[in-house]
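# Observations on the model geometry
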Amino acid sequence: MVIFSTKKLISHVIKPIVFIALLAPLLWLGWHWSLLLENQPNGLTANPIEYTNRFLGGWGLKYILLTLLVSPLSQLTAMRKLMLLRRMVGLFAFSYVLLHFTSYTVLDHYFNWAEIWQDIVKRNFITIGMLGLLGLVPLAVTSTNRMIKKLGAKNWKRLHMLIYPISILGVFHFSMMRKGDQLEPKIYWSVLVFLLGYRVYRFYQRRAGA
Ligand code: HEM
């Protein structure tokens, strides 16, 4: 009988399962686009471009919050090895947000850079989204072990604290974009307040212990 260590269980079993789960929305989207292109019934609504853009943005934001959930979850359940999943979740968050921006650039604006630039500087919610995306770039670029070594763990940790303002920008972008019904943004704000509040609590708890 083969007995797996927790680390092996996470990297050989749980990680591939989580990878497929995180990829699933994209596979679903690709499948429905293929149905659309073959003139078959599909789930992309009467406005597939708007649907695609919102779908990718929505998953990008969910994955940003999921990235923030990994460390409280690992601390509260004492399953420290869950942290091995955090980088992958974060990279998925970045990929969905990048695809969200790509769909906006390609499908919405057909690479009309002048129009895109006007949108970025004139529409506040787009400016905020852009700041969020730009903030995610250094996090994705420095996500490799080599970069952690190069920057040093302390600097790397400091840089990756950027995820906190990015998550605020992401939820802010969402609630500004949703002009009428604020129920969904309110749910996202509540989750975010819990996730960031937990960090503040831990910070003061550590300081009191020191
Ligand atoms: C951290 C970065 C970002 C996050 C987390 C994010 C997330 C979202 C979310 C959750 C939505 C609404 C989805 C829904 O209604 O269900 C959305 C909509 C949208 N976002 Fe982003 N976004 C980001 C960056 C950007 C960037 C860089 C752009 C373009 C420059 C952009 C352009 C848009 C547009 C055009 C919409 C839809 C507006 C509409 O359909 O009326 N977003 N985004």
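Figured I'd write up the structure that's included with this text. Predicted model, so just to flag it, every value in this text is computed and none were measured.

## Regarding the nonpolar core
- Residues Y63, I64, A93, Y96 and V171 are the most contacted members of the largest nonpolar core, which totals 25 residues.
- Broken down by secondary-structure element, the contributors of at least two residues to this core are α1 (6–37), α2 (48–76), α3 (86–108), α5 (124–141), α8 (163–177) and α9 (183–209).
- With residues near it in sequence (within four places) discarded, I64 still touches A93, I166, S167 and G170.

## Examining unusual backbone geometry
- In this model, A78 sits at a positive phi of 60°, which is unusual for a non-glycine residue.
- Tracing the backbone shows A78 in the loop between α2 and α3.
- Accessibility expressed as a C-beta count within 10 Å gives 7 for A78, which makes it exposed.
- Despite not being glycine, Y110 shows a phi value in the positive range, around 45°.
- Structurally, the position occupied by Y110 is in the loop between α3 and α4 (113–122).

Criteria and thresholds
Residues numbered from 1 in each chain as written. Predicted model: local features only at pLDDT ≥ 70, side-chain atom pairs only at ≥ 80, totals over all residues. Core = buried A, V, L, I, M, F, W, Y, C linked by C-beta atoms within 7 Å. Buried ≥ 20, exposed ≤ 12 C-beta atoms within 10 Å, placed from the backbone. Helix = DSSP H or I, 4+ residues; strand = E, 2+ residues; numbered from the N terminus. Contact = placed C-beta atoms within 7 Å.

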